[in-house]
Amino acid sequence: MKYLAAAFALLSSALAPAVGGEYLWPSAVLSLPPAAASTGAVVSVRGVVTFVSGLESNRFVIASEDHPNQRGIEVFLKKDCEELVHGAVVLLSGTLAERNGAYSIDADSIDILRVEHLPIPSVAKQADYRRGLLEGRVVTLRGTVREVVPAAIEGVEVSHVLLLMDGYTALVRLPWTVDGDRLLGEPIEVTGLVRGVFSDGKRIDSALEVENADGIVMLRAKSAMRVLVYMFIALGAVLVCVTAVLLLLWMRVLRERREASVVAAERSRMAADLHDTIEQHLAGANLLAASVMQLKETPENVRDAMKSMMSLLANAKMEVRSAVLNLRTVGGETQTLAAAVAGLAAALARTGVRTHYHLRGLPESMPEGERQDIILIISEATTNAVKHGHAKTIVFTCDPRADGFVLRVLNDGEPFEIDSALGPETGHYGLSGMRERALRNRIALSWGVRGRWSYVQLESEGQNG
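Residues numbered from 1 in each chain as written. Predicted model: local features only at pLDDT ≥ 70, side-chain atom pairs only at ≥ 80, totals over all residues. Heavy atoms only, no water.

Before going further, it helps to spend a moment on helix 7 (residues 337-349). In a regular helix each residue adds 1.5 Å, so 13 residues correspond to 18 Å; helix 7 covers 18 Å between its end C-alpha atoms and thus fits that length. Within the sequence span of helix 7, burial applies to Leu337, Ala340, Val341, Leu344, Ala345, Ala347 and Leu348. One side of helix 7 holds all its buried residues, which, seen down the axis, span an arc of 160°. (Helix = DSSP H or I, 4+ residues; strand = E, 2+ residues; numbered from the N terminus. Expected span 1.5 Å × (residues − 1). Buried < 20%, exposed > 50% of the residue type's maximum accessible area, 1.4 Å probe, protein only. Arc of directions from axis to C-beta.)

Right, let's talk about the pairing of strand 6 (residues 138-153) for a bit. Where strand 6 lies against strand 9 (residues 187-199), seven bridges are found, and the strand directions are antiparallel. Paired with valine 138 across the two strands is leucine 193, which belongs to strand 9. In the sheet, strand 6 pairs with strand 7 (residues 156-165) via nine bridges, with the strands oriented antiparallel. Along strand 7, the bridge assignment pairs proline 150 with serine 159. The hairpin turn running from strand 6 into strand 7, its antiparallel successor, is two residues long, and glutamate 154 in that turn takes a positive phi close to 50°. (Pairing = 2+ DSSP bridges.)

Attention shifts here to a nonpolar patch on the surface. The grouping of Leu228, Met231, Phe232, Leu235 and Leu239 at the surface amounts to a nonpolar patch, some 510 Å² of accessible area in total. With respect to the helices and strands, leucine 239 occurs in helix 5 (residues 219-294). (Patch = residues over 30% accessible without salt bridge, like charges linked within 9 Å, V, L, I, M, F, W, Y side chains within 5 Å. Areas by Shrake-Rupley, 256 points an atom, 1.4 Å probe, with all protein chains shown as cover. Salt bridge = Lys/Arg side-chain N within 4 Å of Asp/Glu carboxyl O.)

In this structure, histidine 390 is a non-glycine residue whose phi angle is positive, near 55°. If you trace the backbone, histidine 390 turns up in the loop between helix 8 (368-387) and strand 13 (393-401). Despite not being glycine, arginine 442 shows a phi value in the positive range, around 55°. By secondary structure assignment, the location of arginine 442 is in the loop between helix 9 (430-440) and strand 15 (443-450).

Before going further, it helps to examine the nonpolar core. In terms of nonpolar packing, the biggest core is built from 30 residues, with Leu337, Ile374, Ile378, Ile394, Phe396, Phe405 and Leu458 touching the most fellow members. The element best represented in this core is helix 8, accounting for seven residues. Excluding anything up to four places from it in sequence, isoleucine 378 contacts Val341, Leu344, Phe396, Leu407 and Val409. Counting residues in hydrophobic clusters, the runner-up holds 24 residues, among them Val29, Val49, Val52 and Leu84. (Core = buried A, V, L, I, M, F, W, Y, C linked by side-chain atoms within 4.5 Å. Contact = heavy atoms within 4.5 Å.)

Position of arginine 450 relative to the elements: it lies in strand 15. Taking the C-alpha atoms as reference, arginine 450 lies 9.2 Å from leucine 410; in sequence the two are 40 residues apart. What arginine 450 contacts, discounting residues up to four positions off in sequence, is Arg408 and Tyr455.

Before going further, it helps to examine the sheet that holds strand 15. Overall, mixed pairing links the five strands, which are arranged 12-13-14-16-15 in an open sheet. The open sheet terminates on both sides in strands that have one partner only, identified here as strand 12 (354-359) and strand 15. Across this sheet, the average inter-strand angle for adjacent strands is 15°, counted without regard to direction. Of the pairings in the sheet, the one linking strand 12 to strand 13 comprises six bridges and is parallel in character. Its bridge partner being in strand 13, threonine 355 is matched across the sheet by isoleucine 394. Here helix 7 sits on the sheet and contacts strand 12, strand 13 and strand 14 (404-411); the angle it forms with strand 12, its principal contact strand, is near 165°. Contacting strand 13, strand 14, strand 15 and strand 16 (453-460), helix 8 runs over the sheet at an angle of about 20° to strand 14. (Axes fitted to C-alpha atoms, helices over the stretch in contact; angles between N-to-C directions.)

Glancing now at the packing of aromatic side chains. Here the structure, examined in full by the defined rule, presents two aromatic pairs. Their ring planes at 85° and their centres at 5.5 Å tell us that tyrosine 23 and tryptophan 25 sit as a pair that is edge-to-face. The interplanar angle of 70° and the centroid separation of 6.3 Å between the aromatic rings of tyrosine 129 and tyrosine 168 together place this pair among those described as edge-to-face. In this pair, tyrosine 129 sits in helix 3 (residues 126-130) while tyrosine 168 sits in strand 8 (residues 168-174), placing the two residues 39 residues apart along the sequence. This pair shows no difference in class: tyrosine 129 is buried, exactly as tyrosine 168 is. Residue placement shows arginine 99 over the ring face of phenylalanine 76; its charged tip is 4.0 Å from the ring centre. Stacked on the ring of tyrosine 455, the Lys or Arg arginine 450 has its end atom at 5.4 Å from the ring centre. (Phe/Tyr/Trp six-rings, centres within 6.5 Å; stacked < 30°, edge-to-face > 60°. Lys NZ or Arg CZ within 6 Å of the ring centre and 35° of its normal.)

Moving on, we get to the pattern of salt bridges. Evaluation of the coordinates by the stated rule reveals 17 salt bridges. A salt bridge links arginine 59 to glutamate 209; its shortest N-O distance comes to 2.8 Å. Pair noted here: arginine 59 is in strand 2 (residues 59-63) and glutamate 209 is in strand 10 (residues 202-210), with a separation of 150 residues, a long-range link. The residues arginine 59 and glutamate 209 share a single accessibility class, namely buried. In this structure, arginine 142 engages glutamate 189 in a salt bridge whose closest nitrogen and oxygen atoms are separated by 2.4 Å. One end of the pair, arginine 142, is in strand 6; the other, glutamate 189, is in strand 9, and 47 residues separate them in sequence. When its relative accessible area of 42% is taken as the criterion, arginine 142 is described as partly exposed. Each of Glu56, Arg59, Glu74, Arg195 and Glu209 takes part in one network of salt bridges that share partners.

Now the structure itself:
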């Protein structure tokens, strides 16, 4: 016997760490020869607490610090230690004992070195659990509650839960009583210590002993929480996408605004050039013609020519002013079509032509190109009426239609003969330009005479005033 004790002492010395005194790891104790327990040897063991029993206040399990999810060794403390908690790193001394074919330690003293956070054990394989390969380990099982049976162990009220795992029923011991009706049929996840169930010294099954209420989780609630987390993740992704789209749209708006600002500046420059050069030259030519007419020696035929020239110069000046007005209205400052027609009527009135307008059904907004083309068609119609028809009165009318509007320009000048009108072959592009602008904007353009009024009519398609 003394030779066996000496061999055990030699083994203990060989397994002890180089620093911190002589002690064994739990894995070293579990690897001792079976006869070591019969010596009643006193051992010092260092490990981490992986399980604290809820049934026996002085029973706990320690495992090696570097492998806390591996098999541990049961410790029975001879005194109460309220500071003992899950994850505590302890150094204990006690007598080596054997219970149900496995080593345990009856500890006399214990020192708590520190407390650390232990990793959560992964879900155990059912085959390993059924074959008894997980005893002494803290594991996690997952299944459906098949039955709940109340019981009592050493005066402690407990609940035995039969957990159905893919056709195999495992016994789970809860150190408290639960409502069987609430758990029955529910999917749960339980974490605890796997212990053997013995009868007449023979192992007949395995049971999972749960430490406390934290060791049982309702999977339906967990699934609902997972769904909620996924919903928040999806919502976050949607918000990120929406933010990115809005940012791109805002950048596009800024780019268009910069481009519009450049165009507006260029149009303003062109308008200023027209006003400061061509319009001033036309005004000077008009004054020169007027001075020629005032000369006493001017022949009558020259006076008539000068009068016609002054009329042409006045029309040209009016067209230049209209072009300047169009160039100065761009982007967010663009006039509505009704305002543009009213401005054209006012410009005509300043040349001595009587103007009237009654506008209903014109849209508040429309594409800029279409608006400009309609204004140019109207401007060409008024120019022709004054220049070729010698009109004294111009009337603008507009009426709404179910799918758009009808805009007319009437004048009291000489009737307009469209068949005999001059065309591009003679250098006159007014009528052809009007037709092209109407065609590209899906506007029906027509001419006619009603009583003493000649008119040009624009009928839109697909517009709604």
